Amino acid sequence: GNNGNTKGATCTANGSVTVTETIVVSGGVYDGGCKVFNPTSALGDGGQAEGQKPVFRVENGATLKNVIIGKNGADGIHFYNGGTIDNIRWTDVGEDALTVKSKGDVTIRNITGVNGYDKFMQINAETNLNVSNCVVDNMGKFLRQNGGTGFTINVNVTNCDISNMKEAVFRTDSPTSTARITNSRLRNAGQLCYGSWKSCTSSN
Ligand code: ADA
Ligand code: CA
Ligand code: CA
Ligand code: CA
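Not measured: the values here are computed from a predicted model.

Caption draft 1: Up close: the side chain of His78. Within the fold, His78 resides in strand β6 (residues 77-80). Once residues lying within four places of it in the same chain are set aside, the contact partners of His78 are Pro54, Phe56, Arg57, Val58, Thr99 and Lys101.

Next comes the structure, spelled out in structure tokens:
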């Protein structure tokens, strides 16, 4: 793999913000200034209960950047109609780290996330998902297309370090979905391709 590249989020904490309701990023660029965003229990407790609220909602092609999500990860970041996140750290992934909630293309780069019980990425709608420069450690799985769904997702991952997945890197039940990972390092990452992918491949 391409081990020399810088991977993951780069923020050093620059103060903190208490989050009492989901921050909606509905256009342009929201720059978190490397602050630590700490959800209150109004959003959830970061455990495995479904129905928690996200810390951020990114929609309609907007960009969220330079954010550290604090010890309560709640339901992470939700995407509606596509968007981009850049330089995001999850200090302690909650129910999951991010969810594609409605159809749209999603770009994810320069991210670090650790300590999720089950999923890191949860994909609940059609998407072309491009992930680059990531460090993800200690989860059940890196990516899960919502169980029992047959829509199509196309996932491309490059320049990532993925370690200590209890089950798998990529899991789907959809025979039309594809996943590819290149120039990355996998360590104790479970099964690469779990379920019924149309294609699921790796190189380097
Ligand atoms: C589980 C659950 C789904 C959805 C998903 C999520 O897979 O079965 O209904 O809630 O989690 O988006 O976190
Ligand atoms: Ca869930
Ligand atoms: Ca969730
Ligand atoms: Ca956690």
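Caption draft 2: Spatial organisation of the coordination of the calcium ion (ligand 2). Surrounding the calcium ion (ligand 2) are the protein donor atoms Glu50 (OE), Glu50 (OE), Glu95 (OE) and Glu95 (OE), at 2.4 to 2.8 Å. A gap of 3.6 Å separates the calcium ion (ligand 2) and the calcium ion (ligand 3), which Glu95 links by coordinating each metal. Of this pair, Glu50 sits in the loop between β3 (29-39) and β4 (56-59) while Glu95 is found in the loop between β7 (83-90) and β8 (98-100), placing the two residues 45 residues apart along the sequence. With relative accessibility at 61%, the residue Glu50 sits in the exposed group.

Caption draft 3: Region of interest: the coordination of the calcium ion (ligand 4). Within the protein, the calcium ion (ligand 4) binds to Asp92 (OD), Val93 (O) and Asn115 (O); these donor distances fall in the range 2.2 to 2.3 Å. In the primary sequence, the donor residues of the calcium ion (ligand 4) line up as D-V-x21-N. Within this pair, whereas Asp92 is found in the loop between β7 and β8, its partner Asn115 is found in the loop between β9 (106-114) and β10 (119-123), the two being separated by 23 residues in sequence.

Caption draft 4: Fine view of the state of the cysteines. Within this structure, the stated rule accounts for three disulfides. A disulfide bridge connects Cys11 with Cys34, and the sulfur atoms are separated by 2.0 Å. Disulfide Cys11-Cys34: the torsion about the S-S bond is -65 degrees, which places it as left-handed. One end of the pair, Cys11, is in the segment before β1 (16-19); the other, Cys34, is in strand β3, with 23 residues separating them in the sequence. Paired by a disulfide, Cys193 and Cys200 hold their sulfur atoms 2.0 Å apart. Across the disulfide from Cys193 to Cys200, rotation about the S-S bond amounts to roughly -80 degrees, and the bridge is consequently left-handed. Its relative accessible area of 22% is what places Cys193 among the partly exposed residues. Should the bonded cysteines of the protein chain be numbered as they appear in the sequence, the pairing reads 1-2, 3-4, 5-6.

Caption draft 5: Fine view of the packing of aromatic side chains. Taken as a whole and assessed by the stated rule, the structure comprises six aromatic pairs. Ring centres of Tyr30 and Phe56 lie 5.8 Å apart, and the angle between their planes is 65 degrees; on these two criteria the pair is classed as edge-to-face. Here Phe56 lies in strand β4 and Tyr30 lies in strand β3, a separation of 26 residues in the sequence. Overall, Tyr30 belongs to the partly exposed group, its relative accessible area being 28%. We classify Phe56 as buried; its relative accessible area is 0%. Where Trp90 meets Phe120, the ring centres are 5.3 Å apart and the plane angle is 75 degrees; that geometry is what we call edge-to-face. Taken as a pair, Trp90 in strand β7 and Phe120 in strand β10 lie far apart in primary sequence, 30 residues in all. One exposure class covers both Trp90 and Phe120, and it is buried. The rings of Trp90, Phe120, Phe142, Phe170 and Trp197 are connected pair by pair, giving a single aromatic cluster.

Caption draft 6: Representation of the environment of Cys11 within the structure. A relative accessible area of 9% means that Cys11 is categorised as buried. Excluding its chain neighbours within four sequence positions, the residues that come into contact with Cys11 are Cys34, Asn66, Val67, Ile68, Asn87 and Arg89.

Caption draft 7: Spotlight on the nonpolar core. Judged by nonpolar contacts, the single largest core of 50 residues is most densely connected at Ile77, Ile85, Trp90, Met121, Phe142 and Phe170. In this structure Phe142 touches Phe120, Met121, Val131, Cys134, Val136, Val157, Ile162, Met165, Ala168, Val169 and Phe170, once residues within four positions along its chain are discounted.

Caption draft 8: Local environment of the site of ligand 1. The environment of ligand 1 is made up of Glu50, Glu95, Asp96, Lys119, Gln122, Asn124 and Asn146. Interatomic distance of 3.1 Å between a side-chain N/O atom of Glu95 and an oxygen atom of ligand 1. Note that an oxygen atom of ligand 1 is positioned 3.1 Å from one of the side-chain N or O atoms of Asp96. Relative to its unbound accessible surface of 320 Å², ligand 1 loses 62% to contact with the protein. When atoms are counted within 2 Å of each cavity's grid points, the one that captures over half of ligand 1 is the largest pocket. For the shell around ligand 1, a count of residues per class yields no nonpolar, three polar and four charged.

Cut-offs applied
Residues numbered from 1 in each chain as written. Chains lettered and ligands numbered in written order. Predicted model: local features only at pLDDT ≥ 70, side-chain atom pairs only at ≥ 80, totals over all residues. Heavy atoms only, no water. Helix = DSSP H or I, 4+ residues; strand = E, 2+ residues; numbered from the N terminus. Contact = heavy atoms within 4.5 Å. Donors = N, O, S within 2.8 Å, 3.2 Å for Na, K, Ca; no water. Buried < 20%, exposed > 50% of the residue type's maximum accessible area, 1.4 Å probe, protein only. Disulfide = S-S within 2.5 Å. Phe/Tyr/Trp six-rings, centres within 6.5 Å; stacked < 30°, edge-to-face > 60°. Core = buried A, V, L, I, M, F, W, Y, C linked by side-chain atoms within 4.5 Å. Near = heavy atom within 4 Å. Polar contact = N/O pair within 3.5 Å; in protein donor to acceptor, adjacent residues only side chain to side chain. Areas by Shrake-Rupley, 256 points an atom, 1.4 Å probe, with all protein chains shown as cover. 1 Å grid on protein atoms, 1.4 Å probe; cavity = no way out; pocket = protein on both sides within 12 Å on 5 of 7 lines; lining within 4 Å. Sits in = over half its atoms within 2 Å of the grid points. Nonpolar A, V, L, I, M, F, W, Y, C, P; charged D, E, K, R; others polar.

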